[in-house]
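Residue-level structural notes
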Amino acid sequence: MNNKISYLLNTVRCIHRCNSVLIPKSSATTRKHIYRDPLENVNFRKLFLNVFPSLRGSSLRFLSQKTDVFSTGAKIEPEKGVEALVSEQAPQGSLELEKSDDSGSSKVKPVTDHSEPFFNSLRKCTCPCDALDLASESAVSIKHFTNCLTTVWRLFKNLSEDQQRYEKQLIFEHPVFAKLCQQLLRDSRRMSRGDLVFSLHAVVNLGVPQNTLLVQTLVRVCQEKLNLLDNRCLSVLATTLAGLDKDKNVSALQAGLQLLVEQRIPSIRDIFILQNLMKCVGKDAPVFLKKKLEMAVLKEIDHLTFPNALRVVLALVAMNYCSIPILNACSIKIQENVHDAPFRQLILILEACYSLQYRNVKLFSALADYVNSTACLWDKRQIILFLSAFETLGFQPSELMGIFAKKVIEDPEFLNLKNLLIVLRVYSRLNYVPEDQKHLFFETLHSCLNKYLPQIPNTELLKAVYSLCILGYLPHRAIDELLQKDSRDELLLSGDLYKEQKEIMLHCVKACMELDSPSFKKPAFVLTENFSSLVSPTLRKAREALIELLGDENMFQQNVQLPYKYHIDFEIRMDSGRKKVLPITAADDSADSSVQRLAFLFVPLSAFCVGTMQPQGKLAVKKRHLNKLGYHVILVLNKKFQEMTNEDAVKFLKGKIYSENVFSFSEVTVQDNN
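Throughout what follows, the structure given in this document is the object of discussion. Keep in mind that this is a model prediction, so the values were computed, not measured.

1. Considerations on the overall build of the protein
Secondary structure summary: the protein contains 31 helices and 8 strands in total. By residue count, 52% of the 674 residues in the protein fall in the buried class. Residue pairs in contact within the protein that sit at least 24 positions apart in sequence constitute 74% of those at least 6 positions apart. Working note: accessible area of the protein is about 32,200 Å², and carbon and sulfur atoms make up 51% of it.

So this is what it looks like as structure tokens:
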């Protein structure tokens, strides 16, 4: 008992000393900043951890007892998309949520007059420290303190990144901020629900560390009052939790929030709130909950605005849930308002489509056309980021790539090594070369690569050479550097996780050196062998159709292995007039150049650029090399072929075999998600 009384007396003395330091004298005409680091006072630090020992009792099982209420070295957490809700609906002293009745319902009632001098002055604050100064002079209630805190955050988030770094230091060094945190800790259980969730949102985003007693206490109190929160508060709380790391308190609150969201979904009619809840439930949410949220959004999809369309797309990414109906609706809204989207949002849209494996040719074309029409306004490095985003999607924005190729030719100096490698990767994978300036474009890229040869790592050199070879250009100096014994041995280290991939790239480079060389001549005879007598399930339909069409399986060869490790699905040999199919046995030993060889390749949709039958880089180089070996290559979209009836499949193959134009793909159309 004596120890408890002694502890209480020490605490009271400590509070008295701290308050005498923290509260400056008020003045009717001026306010002065008093900047002292609150963490310099050891007793002050102990106060935040020990003044309310009951908060660390059984009801707060998981609170940190080793860290201060806040830390000046904390990292600023990025805003998570609730800016509008905080700005428009944060408590400003004029509203307070009434205490809930037994049914859990709540109402909003006025608690202060808008003309009250304190809140009028608070609205006039232009920087975070103004709000803290006002709190030091006039704040007398928890409502005043929480409104000051949310105002500090609202003013802080509107600053530039450089201003935020400076202003954050001023905020954390301001003595009133320490008192404000102390007040939140003391009155956390007496706050209104709106004040509670907005205060947690503010302190987290201002950079107060998650493992502090203040944040953990607010999280725990939110858990206790969870059933009393209205939909607006749930939305803010969901956004705040999305920015916190998983710990026991946060995980418990998220689990409770997920159960409550499931019950509340039918009553929520605001897309803004729904998308915040979607981000909170995250990718680990059960599928049935994701479907419930999807249906709730679809009910309100007619009221979708452009800003909300972007938020909903990002919320789907957070849930890792590809809802085609929602994405199609968002896509239409984005296309209609693409001119209003800043650079960062355009990139986020493309990244979201990649994450969700969503392919919409109309959307991609609209974005590409917009960037193409305003290319003169964009920095070259921004255009590189656009092209890189399109490349990950497999979409070829040909006009934009043509314009950018001209920019590279005119001013190659902006291409540092990183950007050069991106450009090479993009143009090689999307298989694009500006036909009118093909040679000049290659020479420019080659010259840039030669400039970096003394400093480029071997792996990056392999990627650069591989990309140029895919496009059909041989950078001889870089190839000589790559194939030196030391470089080759370093690339193929036994412990390298990417050893197999590097071997494939090196093999492709060597094949290009031979087959794409001007001295290479078409061979009169190509040695082939059957790789296997077994046919994969995806090719059984094609095999049966060929047997029905040609009458005998000896009229074609399957699973054919060629030199340079190339493989074709089916080979058919014909006379020079393309009128008659020759049996494989009769043509095996023939070196007659009049024999026409057809190579059928059944390929997936991903081997083509999105929305076209334009082969991507790997397929394009294989097709080019098979042509060099004397084959007429016929590309067949396997998915579309499998959807044909047997009769249509036979008719399709007959048209390909006996057609003079074996490169026509009119029978096969490509569809996107629409």
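The structure having been displayed, the exposition proceeds.
2. Concerning unusual backbone geometry
Phi is positive for Asn-320, close to 55 degrees, though the residue is something other than glycine. Of note, Asn-320 is situated in the loop between helix H15 (306-319) and helix H16 (324-336). Positioned with a positive phi, Asn-559 is a non-glycine residue whose angle comes to about 50 degrees. For Asn-559, the location among the structural elements is in strand E4 (residues 557-561). Residue class for Asn-559 comes out buried when judged on its relative accessible area of 9%.

3. Observations concerning helix H10 (residues 213-224)
Here H10 spans 16 Å end to end across 12 residues, near enough to the 16 Å set by a 1.5 Å rise per residue. Most of H10 sits inside the fold, with 10 of its 12 residues counted as buried. When we look at burial in H10, the residues that qualify are Leu-213, Leu-214, Val-215, Gln-216, Thr-217, Leu-218, Val-219, Arg-220, Val-221 and Cys-222.

4. Details of the environment of Gln-335
If you trace the backbone, Gln-335 turns up in helix H16. Take Gln-335: its relative accessible area is 27%, and that puts it in the partly exposed class. Separated by 35 residues in sequence, Gln-335 and Tyr-370 have C-alpha atoms that sit 9.7 Å apart. Here Gln-335 is in contact with Lys-362, Leu-363 and Ala-366, once residues within four sequence places are set aside.

5. Details of the nonpolar core
One finds Val-203 and Tyr-427 to be the most contacted residues of the largest nonpolar core, which totals 162 residues. If we skip the residues at most four places from it in the chain, Val-203 touches Leu-149, Leu-184, Val-208, Leu-214, Val-215 and Leu-218. Membership of the second largest hydrophobic core comes to 24 residues, among which are Met-555, Ile-572, Met-574 and Phe-641.

6. Overview of the state of the cysteines
Within the structure shown, the criterion is met by 0 disulfides. Looking at Cys-129, it has no disulfide partner, and the nearest cysteine sulfur is the one in Cys-127, 5.6 Å off. The thiol of Cys-508 is unpaired, and the distance to the nearest cysteine sulfur, on Cys-512, comes to 4.1 Å. You can call Cys-508 buried: its relative accessible area is 11%.

Reading guide: rules and limits
- Residues numbered from 1 in each chain as written.
- Predicted model: local features only at pLDDT ≥ 70, side-chain atom pairs only at ≥ 80, totals over all residues.
- Heavy atoms only, no water.
- Helix = DSSP H or I, 4+ residues; strand = E, 2+ residues; numbered from the N terminus.
- Buried < 20%, exposed > 50% of the residue type's maximum accessible area, 1.4 Å probe, protein only.
- Contact = heavy atoms within 4.5 Å.
- Areas by Shrake-Rupley, 256 points an atom, 1.4 Å probe, with all protein chains shown as cover.
- Expected span 1.5 Å × (residues − 1).
- Core = buried A, V, L, I, M, F, W, Y, C linked by side-chain atoms within 4.5 Å.
- Disulfide = S-S within 2.5 Å.

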